Amino acid sequence: DEYSYDDEIDLRELLATIWKRKNIIIAVTVLAVLASGIISFFVLEPVYEASAQILASKTSVPEEVIKSPYFMEKVIDELDLPSEERYTPFALTESVAVQAGKSADIVIIKVEDEDPQRATDIVNTVARLYIDFVQEKGSEVTSLTVSFLQERLAETKEELDAAETQLDEIRRSGQLEILDSEVSRLTQELNSWKSTLSTGEVRKKELLTGIEELNRVLASTPQTIPGPPDYAGRATQIPNQTYQDLETSLARKQVELKELEVRMSGAQSRIPPLTAEYDSVYEKYVETQRDVGELESKINRLNASITSLDAQIVAASTSVQEVLLAAPAVTPVEPVKPRKMLNVAVAGVLGLFVSILVVFFIEYWRSPQTKTQS
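Residues numbered from 1 in each chain as written. Predicted model: local features only at pLDDT ≥ 70, side-chain atom pairs only at ≥ 80, totals over all residues. Heavy atoms only, no water.

Novice: Looking at this structure, I do not really get the nonpolar core. What am I missing?
Specialist: Here is a general trend for soluble globular proteins: nonpolar side chains tend to be buried in one another's company. Ranked by internal contacts, the top residues of the largest apolar core, which has 28 residues, are Leu92, Ile109, Ile122, Val123, Val126, Tyr130 and Val323. Taken together, the elements giving at least two residues each to this core come down to strand 1 (48–56), helix 4 (69–79), strand 2 (96–100), strand 3 (106–113) and helix 6 (116–173). No other element matches helix 6, which puts 9 residues into this core. If we ignore the near neighbours within four places in the chain, the residues touching valine 123 are Ala50, Ser51, Ala52, Ile109, Lys110, Val111 and Ala329. In terms of nonpolar packing, the next biggest core, distinct from the first, is built from 20 residues, Leu207, Leu214, Ala267 and Leu274 among them. (Core = buried A, V, L, I, M, F, W, Y, C linked by side-chain atoms within 4.5 Å. Buried < 20%, exposed > 50% of the residue type's maximum accessible area, 1.4 Å probe, protein only. Helix = DSSP H or I, 4+ residues; strand = E, 2+ residues; numbered from the N terminus. Contact = heavy atoms within 4.5 Å.)

Shown next, in the form of structure tokens:
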């Protein structure tokens, strides 16, 4: 053949090698099983596991708190555990396990120990101490919360009393009614003067037109007209009654115009100070209305805050941290460690694999010598 494979693996050779060295494989495997059995059944101390369940409906149970050296120290003191290395606070935390239950509210605490009763005592003590700790801290938090809410409630009530007192003072003084009346009076007076001025302007135009017309008519009307002859038969002139009537009418209109101008001048002089006074009073009136509205709104808001704070205080006072020992630990009967049969089975499998490797190594080591002799 063009290509040859001297190192090609032959399954039959492998099986033949295993069969040839079967005694070694069997011996190593049996030794591994025997060693594992002796160690598991006679050397290793059995370890028991006790577990307790905590019901924590309002908060999750932090593992760091349960497994803290603080709790472990209290457990050691309370149970008077032996002065051994495994019962120091930090070592004891290694034997405690915390895991979540099937329900989100359930937390399971497990403890492993060589003494089943001691494991039970430790886990029940850890659970009880934690429940006492949570209830104590819950009471402290509740007390602080209630105290804080009560302080806020007292401050809110003081603020409410001050606002109500200020509003009562404004209402008792009648300040708003006085300003309202003054605004109405000034409005009427200002409107009256403005009306006088506007109607005066119209009347003034009418008078000026009438005076102009009378002057035009008077200019074309003779002051006298021919009268009856005198005793000598001479012609005479007598006053023209029409002219006199026109003069009288003109004089009246001129007098009325003068009086009107005086009234309009008075009105013009009164309107600016009245306007300034009206603006000042109206500004005070609007400001007082705004103050009253703000005080009423503030009182409503403070009343709502007081109602809310009262409800919060009641809720905080009646709230209880629901952390209960749902299922205390019972003394275990069967150990969880060592798992003897599993250890024996694993040792048998490992012994088998190791022995096969040893056999192949021996065969590989001897093969060069065999080839050399051949």
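Novice: In this structure, what is going on with the sheet that holds strand 3? I would like to understand it.
Specialist: Two pairing modes exist for strands in a sheet, parallel and antiparallel, and in both the strands are linked by backbone hydrogen bonds. Reading across from one edge, 2-3-1-6 is the order of the 4 strands in this open sheet, with antiparallel pairing throughout. Lying at the two open borders of the sheet, with one neighbouring strand each, are strand 2 and strand 6 (323–327). Going from strand to strand, the sheet's axes swing by 30° on average, the running direction of each strand aside. Relative to strand 3, strand 1 is paired through 8 bridges, and the arrangement is antiparallel. Its bridge partner lying in strand 3, alanine 50 is registered against valine 111. Relative to strand 1, helix 6 is tilted by about 20°, and along the sheet it contacts strand 1, strand 3 and strand 6. (Pairing = 2+ DSSP bridges. Axes fitted to C-alpha atoms, helices over the stretch in contact; angles between N-to-C directions.)

Novice: Honestly, the pairing of strand 3 in this entry has me stumped. Any pointers?
Specialist: The side chains of a regular strand alternate between both faces of the sheet. Of all 8 residues in strand 3, 6 are buried, a share of seventy percent or more. With 5 bridges connecting them, strand 2 and strand 3 associate as antiparallel partners. Note on strand 3: the bridge partner recorded for alanine 100 is valine 107.

Novice: Whenever I open this one, the confidence of the model for the chain confuses me. Can you help?
Specialist: For any part of a model where pLDDT is low, the fine detail of the predicted coordinates should not be relied upon. For the chain, per-residue confidence averages 83 on the pLDDT scale, and residues scoring 70 or more make up 90% of the total. Low confidence marks residues 1–7, where pLDDT is under 50. Its contacts with residues over four positions away, or in another chain, come to 0 contacts. Here residues 370–374 is modelled with pLDDT under 50, and outside its nearest four sequence neighbours on either side it reaches 0 contacts, counting other chains as well. (pLDDT = per-residue confidence, 0-100.)

Novice: Even after reading the chapter, I still don't get the environment of leucine 167, so can you show me in this structure?
Specialist: Take leucine 167: it is sitting in helix 6. Judged by relative accessible area, leucine 167 falls into the buried class, the value being 5%. Sequence spacing of leucine 167 and aspartate 291 is 124 residues, and the spatial spacing of their C-alpha atoms is 8.6 Å. Other than its neighbours up to four places away in sequence, leucine 167 contacts Val292, Leu295, Glu296 and Ile299.

Novice: I tried to follow unusual backbone geometry on my own but got confused; where do I start?
Specialist: The general pattern is negative phi for most residues beyond glycine and trans for most peptide bonds. The backbone of aspartate 80 shows a phi angle near 55°, a positive value even though the residue is not glycine. Tracing the backbone shows aspartate 80 in the loop between helix 4 and helix 5 (89–94). Among the residues examined, aspartate 80 registers a relative accessible area of 65% and is labelled exposed.

Novice: Can you help me understand the pattern of salt bridges in this one?
Specialist: A side chain of one charge can pair with a side chain of the opposite charge when the charged atoms of the two come close. Per the counting criterion, the structure on display carries 11 salt bridges. Two residues, glutamate 182 and arginine 185, come together in a salt bridge whose shortest N-O distance is 2.4 Å. Taken together, the positions of glutamate 182 and arginine 185, both in helix 7 (residues 175–219) and 3 residues apart, correspond to about one turn of that helix. A salt bridge links arginine 203 to glutamate 256; its shortest N-O distance comes to 2.8 Å. (Salt bridge = Lys/Arg side-chain N within 4 Å of Asp/Glu carboxyl O.)

Novice: Looking at this model, I keep getting lost on the packing of aromatic side chains. Mind explaining?
Specialist: What the rule picks out here adds up to 5 aromatic pairs. Centre to centre, the rings of phenylalanine 71 and tyrosine 130 are 6.3 Å apart; their planes meet at 55°, and the pair counts as tilted. Taken as a pair, phenylalanine 71 in helix 4 and tyrosine 130 in helix 6 lie far apart in primary sequence, 59 residues in all. Residues phenylalanine 71 and phenylalanine 133 carry aromatic rings whose centres are separated by 5.4 Å and whose planes lie at 85° to one another, so their mutual orientation is edge-to-face. Highlighted residues: phenylalanine 71 in helix 4 and phenylalanine 133 in helix 6, separated in sequence by 62 residues. On the basis of relative accessibility, which here comes to 24%, the residue phenylalanine 133 falls in the partly exposed class. A connected cluster of aromatic rings, assembled from ring pairs, spans Tyr70, Phe71, Tyr130 and Phe133. (Phe/Tyr/Trp six-rings, centres within 6.5 Å; stacked < 30°, edge-to-face > 60°.)

Novice: Could you clarify how one ought to interpret the environment of threonine 199 in this entry?
Specialist: Checked against the element boundaries, threonine 199 lands in helix 7. Sequence separation between threonine 199 and glutamine 135 is 64 residues, and the spatial gap between their C-alpha atoms is 88 Å. At 3.2 Å, the side chain of threonine 199 and the backbone oxygen of threonine 196 are in polar contact. (Polar contact = N/O pair within 3.5 Å; in protein donor to acceptor, adjacent residues only side chain to side chain.)

Novice: When you look at the packing of helix 7 against helix 8 (residues 241–318) in this model, what are you seeing that I'm missing?
Specialist: Any two packed helices are characterised by the angle at which their axes cross and by the distance between the axes. At their nearest, the axes of helix 7 and helix 8 sit 6 Å apart, and the two run at 160° to each other. Of the possible angle classes, the one that applies to helix 7 and helix 8 is roughly antiparallel. Like other packed secondary-structure pairs, helix 7 and helix 8 cross with a definite hand, here left-handed. Residue classes in the contact of helix 7 with helix 8 are distributed as 26 nonpolar, 12 polar and 15 charged. (Parallel < 35°, antiparallel > 145°, perpendicular 65-115°, else oblique. Left-handed = near helix turned anticlockwise from the far one by under 90°. Nonpolar A, V, L, I, M, F, W, Y, C, P; charged D, E, K, R; others polar.)

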